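Structural description and commentary
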Amino acid sequence: GVAQDVTEAANHDRAVASKARELRQLIETANAPIFGIDVHGNVNEWNDKTAEITGFAKEDTLGKPLVENFIMPKLRKSIQDVMQNALLGNDTSNYELEFKTRSNEIRYLLVNATTRRDAENNIVGVVGVAQDVTETKRNDR
């Protein structure tokens, strides 16, 4: 009865926690830049590949406004629009982003912006999964 229910609940909680750890590990070590913002536009996700490409460590970015700090000025308005759209539940695919690196270089990323929701389906932010197309862009010039 009750003991079995508690055991099942504990097993379920462990399975959920394990899956969450697995997904966190997948995001952190993915071979693609993955970054995210909260509903205020502040960085709350910054995986290893994003850090490698931009030169900004995760600790340097968390809690800071993404657009003002890490996007090239000429694209800030359009990127702000993409992020606002995603915060309204409208995803955007394959938009080009110019990330400013720590050494003031430009990295060109092709990004898919997806709305991030909590367990109650409330919008809590945006996650961007990207592809670094810098070399392709340089070769096209």
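Presented here is a report on the structure given in the accompanying data block. None of the values given here were measured: they were computed from a predicted structure. (Residues numbered from 1 in each chain as written. Predicted model: local features only at pLDDT ≥ 70, side-chain atom pairs only at ≥ 80, totals over all residues. Heavy atoms only, no water.)

1. With respect to the overall build of the protein
Summing up its helical and strand segments, the protein has 6 helices and 5 strands in all. Listed by position from the N terminus, the elements making up the protein come as α-β-β-α-α-α-α-β-β-β-α. Expressed along its principal axes, the backbone C-alpha trace of the protein runs to roughly 70 × 30 × 25 Å. Taking all 141 residues of the protein together, the buried fraction comes to 33%. (Helix = DSSP H or I, 4+ residues; strand = E, 2+ residues; numbered from the N terminus. Buried < 20%, exposed > 50% of the residue type's maximum accessible area, 1.4 Å probe, protein only.)

2. A word on empty space enclosed by the protein
The tally for this structure, following the rule as stated, stands at 1 cavity of 30 Å³ or more. For the largest cavity, the calculated volume is near 40 Å³. What lines the largest cavity is simply Phe35, Gly36, Ile37, Leu66, Met83, Tyr95, Ala113, Val126, Val127 and Gly128. Mapped by element, the contributors of at least two residues to the lining of the largest cavity are strand 1 (34-38) and strand 5 (123-132). When its residues are assigned to classes, the lining of the largest cavity shows 8 nonpolar, 2 polar and no charged. (1 Å grid on protein atoms, 1.4 Å probe; cavity = no way out; pocket = protein on both sides within 12 Å on 5 of 7 lines; lining within 4 Å. Points joined across faces, edges and corners; volume = space filled by probe spheres on them. Nonpolar A, V, L, I, M, F, W, Y, C, P; charged D, E, K, R; others polar.)

3. Some thoughts on the environment of Gln131
With respect to the element layout, Gln131 can be found in strand 5. On the accessibility criterion, Gln131 (49% relative accessible area) is partly exposed. A C-alpha to C-alpha distance of 15 Å links Gln131 and Thr114, two positions 17 residues apart in sequence. Discounting chain neighbours no more than four positions away, the residues touching Gln131 are Pro33, Tyr108, Leu109 and Leu110. (Contact = heavy atoms within 4.5 Å.)

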